[in-house]
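Close look at the chain arrangement
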Amino acid sequence: MAITRRAHPETPEGAGLTGMNVEHPDRDEAQMIAAILAGDTRQYHELIRPYERSVYKMALSFMKNEPDAEDVAQEAFLKAFRKLADFRGQAKFSTWLISITLNEARSRLRRQSTVPMESLDQVTGEGGHISPALLRDWREVPSEALERKEIRAILVEAIGHLSPLYREVLLLRDVEEFSIEETATALTITPGTVKVRLHRARMMMQKELAPKLKNANPRRRWFQWS
Amino acid sequence: MVIECKHVWNYLSDYLDDSLSPETKELVQRHLEHCEICSAILDSTRNIVVLTADDRVFELPIGYSERLHARLAQEIESNEARTRKDSGD
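The model shown is predicted, which means the values in this text are computed figures rather than measured ones.

Procedures and definitions
Residues numbered from 1 in each chain as written. Chains lettered and ligands numbered in written order. Predicted model: local features only at pLDDT ≥ 70, side-chain atom pairs only at ≥ 80, totals over all residues. Heavy atoms only, no water. Disulfide = S-S within 2.5 Å. Buried < 20%, exposed > 50% of the residue type's maximum accessible area, 1.4 Å probe, protein only. Helix = DSSP H or I, 4+ residues; strand = E, 2+ residues; numbered from the N terminus. 1 Å grid on protein atoms, 1.4 Å probe; cavity = no way out; pocket = protein on both sides within 12 Å on 5 of 7 lines; lining within 4 Å. Points joined across faces, edges and corners; volume = space filled by probe spheres on them. Nonpolar A, V, L, I, M, F, W, Y, C, P; charged D, E, K, R; others polar. Domains from an automatic or database assignment. Polar contact = N/O pair within 3.5 Å; in protein donor to acceptor, adjacent residues only side chain to side chain. Contact = heavy atoms within 4.5 Å. Buried area = accessible area lost by both parts, 1.4 Å probe. Salt bridge = Lys/Arg side-chain N within 4 Å of Asp/Glu carboxyl O. Axes fitted to C-alpha atoms, helices over the stretch in contact; angles between N-to-C directions. Parallel < 35°, antiparallel > 145°, perpendicular 65-115°, else oblique. Left-handed = near helix turned anticlockwise from the far one by under 90°. Phe/Tyr/Trp six-rings, centres within 6.5 Å; stacked < 30°, edge-to-face > 60°. Lys NZ or Arg CZ within 6 Å of the ring centre and 35° of its normal.

Digging into the state of the cysteines
Residues and elements named next belong to chain B.
- Counted according to the given criterion, the structure contains zero disulfides over all chains.
- This cysteine, C5, is not joined by any disulfide, and C38 carries the nearest cysteine sulfur, 3.7 Å off.
- Summary of cysteine pairing: C35 is not part of a disulfide, and the nearest cysteine sulfur, belonging to C38, is at 3.7 Å.

Take a look at the structure:
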C-alpha cells in the first residue's frame, strides 16, 4: 500500500501517526473475536482498545460537538458488540467498525436535522475543477506547530468544512491510513470514486489551509547576549 | 510532451499516493522541476496531509475511555445475564 507520508523520504516515517490502520502485530483479532463469540465477552474491551481514538475522531468530525461525538462513538462500539456475530472477516475488523461508526453518525445527523443530507445527485457533479491556493514557495510547517491550540483548531475546522462525502474519504485515507481499496469497502463506493473524492478533498484542504498555515512556522528563538 | 499547471494539479493527489503510471509520473516530475508554483502546491498539500494525520489534531475528552468501557461493561454484563437465563441457569 502506498501511503502518502511514506512515499517521500523527507517525511519521517510514521512520525506522530496512530491511524486506525496501523497494524498491531501482537494481536490476533480473528482469534479474539472467536473467543468473544464463544462466550469470553470481556475480551471485547481489549479488542476495541486500539480503535477508541479513531472512532471518536470520525464521530467528532461529523457531529462537530464533543457530547454528540461521544454518544455516537459509544453507540458504534455497542452496535459492533451486538452485531459481532455478523462480522464475517471478509474485511478487517477496523474497516467494519468504521462503517458502523459512519452509519451511526449519518443516521444521528439525519434525525437531528430537517435539512436533507446531500443526495447522490450532487455527487455526480464531482467533475468540477478545484483550483488550489497558489503559492510561490512553501516553508514546511513542522508537526510541533500542533502543540498550538489555534493550529489544531484550524485543521479541525477545515475538515469540518468539507462536505460529508469528501470528509469521510479524507478521514479514512489520510487520517486513518486506510488503503484506497479499504476506503472503498468501508464506504461501499468504487476505488475510482475514492480517488476522485480524495483528490478534491485534498485540494479543498490545501486551498483553505495553505494561506492560513503559511505563517504558522514557530518563531525562531534568539539567544540574547547580555 | 509538456503539460500545463492545471493538468498537473489534477495529478497531485495520485502523485502523493505514488499511484500514477510511470509515464505520467515522469511528466509531472519534469514539470515540477521547473515550476515553483506547482512545487509549492505539492509541498503544501503534502504538509497538510501529514499535519491532518497527526494524533494531536483531535483531542479526546477527559474520561472518554473510562465512560466508554463502563458502558460496555454494562452491556456485556446484561448480555451475560441474558445468556445465563436462556441456558436455564
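Considerations on helix 8 (residues 164–175) of chain A
Residues and elements named next belong to chain A.
- Among the 12 residues in helix 8, 11 count as buried, and that is most of the element.
- Within helix 8, the full set of buried residues consists of L165, Y166, R167, E168, V169, L170, L171, L172, R173, D174 and V175.
- Downstream of helix 8 by one or two residues, E177 has phi in the positive range, about 60°.

Observations regarding empty space enclosed by the protein
- One pass over the structure, following the stated rule, counts one cavity of 30 Å³ or more.
- Of the pockets and cavities examined, the largest cavity occupies roughly 50 Å³.
- Contributing elements (two or more residues each) for the lining of the largest cavity: helix 8 and helix 10 (191–213) of chain A together with helix 3 (36–53) of chain B.
- Looking at the lining of the largest cavity, the element that brings in the most residues is helix 3 of chain B, giving four residues.
- In terms of residue class, the lining of the largest cavity is built from four nonpolar, two polar and two charged.

Considerations on the domain arrangement of chain B
- Each assigned domain of chain B is listed with its residue range as follows: domain 1 (1–58) and domain 2 (59–89).
- Taken over C-alpha atoms, the centre of domain 1 of chain B sits 47 Å from the centre of domain 2 of chain B.

Description of the side chain of R202(A)
- Note on placement: R202(A) falls in helix 10.
- Side chain to side chain, R202(A) and S13(B) meet in a polar contact 2.9 Å long.

Section: the interface of chain B and chain A
- Counting residues at the interface gives 46 residues for chain B, matched by 67 residues for chain A.
- Here chain B packs against chain A, burying approximately 5,700 Å² in sum over the two surfaces, 60% of which is carbon and sulfur.
- One can count 11 salt bridges joining chain B with chain A.
- As a salt-bridge pair, R173(A) and D17(B) come within 3.2 Å of each other at their nearest N and O atoms.
- The tally of links between chain B and chain A comes to 22 residue pairs in polar contact (both at pLDDT 80 or more).
- For the side of chain B that touches chain A, the secondary structure elements donating two or more residues are helix 1 (5–16), helix 3 and helix 4 (64–86) of chain B.
- Top element by residues in the side of chain B that touches chain A is helix 3 of chain B. It accounts for 15 residues.
- Split into classes, the residues belonging to the side of chain B that touches chain A amount to 21 nonpolar, 10 polar and 15 charged.

Notes on the packing of helix 3 (residues 52–63) of chain A against helix 5 (residues 93–112) of chain A
Residues and elements named next belong to chain A.
- Closest axis-to-axis distance for the helix 3/helix 5 pair is 10 Å, and the angle between their directions is 25°. Judged by the angle between their axes, helix 3 and helix 5 are roughly parallel. Judged by the twist between their axes, the crossing of helix 3 over helix 5 is right-handed. Each of V55, M58, A59, F62 and M63 in helix 3 lies in contact with helix 5, whose residues at this interface are L97, I98, T101, L102, A105, R108, L109 and Q112.
- Residue classes in the contact of helix 3 with helix 5 are distributed as 10 nonpolar, two polar and one charged.

Looking at the packing of aromatic side chains
All names here are of chain A.
- Taken as a whole and judged by the stated rule, the model has six aromatic pairs over all chains.
- When the ring of Y51 is compared with that of F93, the centres are 5.9 Å apart and the planes differ by 50°; the resulting orientation is tilted. Separated by 42 residues along the polypeptide, Y51 in the loop between helix 2 (43–48) and helix 3 and F93 in helix 5 bring together distant segments of the chain. F93 carries the same exposure label as Y51, and that label is buried.
- Here F93 and W96 contribute two aromatic rings whose centre-to-centre distance is 5.9 Å and whose plane-to-plane angle is 40°, an arrangement assigned as tilted. In this pair, F93 and W96 both sit in helix 5, three residues apart, roughly one turn of the helix. Of the two residues examined, F93 and W96, each falls in the buried class.
- Among the aromatic residues, those joined into a cluster by ring pairs are Y51, F87, F93 and W96.
- For R167, the ring lying beneath its charged end belongs to F62, and the centroid distance is 4.9 Å.

A word on the environment of F93(A)
Residue and element names in this part refer to chain A.
- By relative accessible area, which is 3% here, F93 ends up buried.
- In sequence terms F93 and K79 are 14 residues apart; their C-alpha atoms lie 13 Å from each other.
- Residues contacting F93, with those up to four places away along its chain left out, are E29, I33, L47, I48, Y51, L84 and F87.

Details of unusual backbone geometry
- In this structure, K64(A) is a non-glycine residue whose phi angle is positive, near 65°.
- The topology assignment puts K64(A) in the loop between helix 3 and helix 4 (66–82).
- Its relative accessible area of 52% is what places K64(A) among the exposed residues.
- Of note, the phi angle at D18(B) is positive, near 55°, even though the residue is not glycine.
- As for its placement among the helices and strands, D18(B) is situated in the loop between helix 1 and helix 2 (22–34).

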